[in-house]
Amino acid sequence: QVQLVESGGGLVQAGGSLRLSCAASGIIFTTNAMGWYRQAPGKQRELVATIFNSGSTNYTDSVKGRFTISRDNAKNTVYLQMNSLKPEDTAVYSCNADLHTTSWGPSMRYWGKGTLVTVSS
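Draft legend 1. Fine view of the sheet that holds strand β8 (residues 77-82). The strand order across the open sheet formed by four strands is β1-β3-β8-β7, and the pairing between neighbours is antiparallel. In this open sheet, the two strands that pair with only one neighbour each are β1 (3-7) and β7 (67-72). Neighbour-to-neighbour, the strand axes of the sheet open up by a mean angle of 15°, direction not taken into account. One ladder, built from six bridges, connects strand β3 (residues 18-25) with β8; its direction is antiparallel. Residue pairing across strands places C22 opposite V78, the latter belonging to β8.

Draft legend 2. Local environment of the environment of S25. Relative to the elements of secondary structure, S25 occurs in strand β3. Taking the C-alpha atoms as reference, S25 lies 7.4 Å from N76; in sequence the two are 51 residues apart. Beyond its immediate sequence surroundings of up to four residues, S25 is in contact with Q1, V2 and Q3.

Draft legend 3. Broad picture of the pairing of strand β5 (residues 46-52). Where strand β4 (residues 30-39) and β5 come together, six bridges link them in antiparallel fashion. The residue bridging R38 from the neighbouring strand is E46, located in β5. Taken together, β4 and the strand that follows it, β5, pair antiparallel across an intervening segment of six residues, in which G42 is found at a positive phi of about 75°. Where β5 and strand β6 (residues 57-59) come together, three bridges link them in antiparallel fashion. Note on β6: the bridge partner recorded for A49 is Y59. Turn length for the β5-β6 hairpin, with the two strands adjacent in sequence and antiparallel, is four residues, and the turn residue G55 shows positive phi of about 100°.

Conventions used here
- Residues numbered from 1 in each chain as written.
- Predicted model: local features only at pLDDT ≥ 70, side-chain atom pairs only at ≥ 80, totals over all residues.
- Heavy atoms only, no water.
- Pairing = 2+ DSSP bridges.
- Helix = DSSP H or I, 4+ residues; strand = E, 2+ residues; numbered from the N terminus.
- Axes fitted to C-alpha atoms, helices over the stretch in contact; angles between N-to-C directions.
- Contact = heavy atoms within 4.5 Å.

Here it is as structure tokens:
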């Protein structure tokens, strides 16, 4: 069984920074991509950033230039460095991983439980 555990959320003032971490544990053969989603109260969940096994990254427009996603493949951990935070960044941030648990089976997506980020004005 694969588990994703996020950490690093909290309360920060506008303009501040936070660094989120998500560690994947369990039987993992290879990881295709890892990413961060967020869901603000009353809004749909949105994809914030993705990092692929190649190292390439994607960001939603609202965080470009402020957030940086990175990963440590040896530790199966993905990070989200969030700078210049705004009140509209307030949300529950969840980690997602698309990975293989065997060499022959299809990849599957796993989710963490999420960590709350609150940005005060």
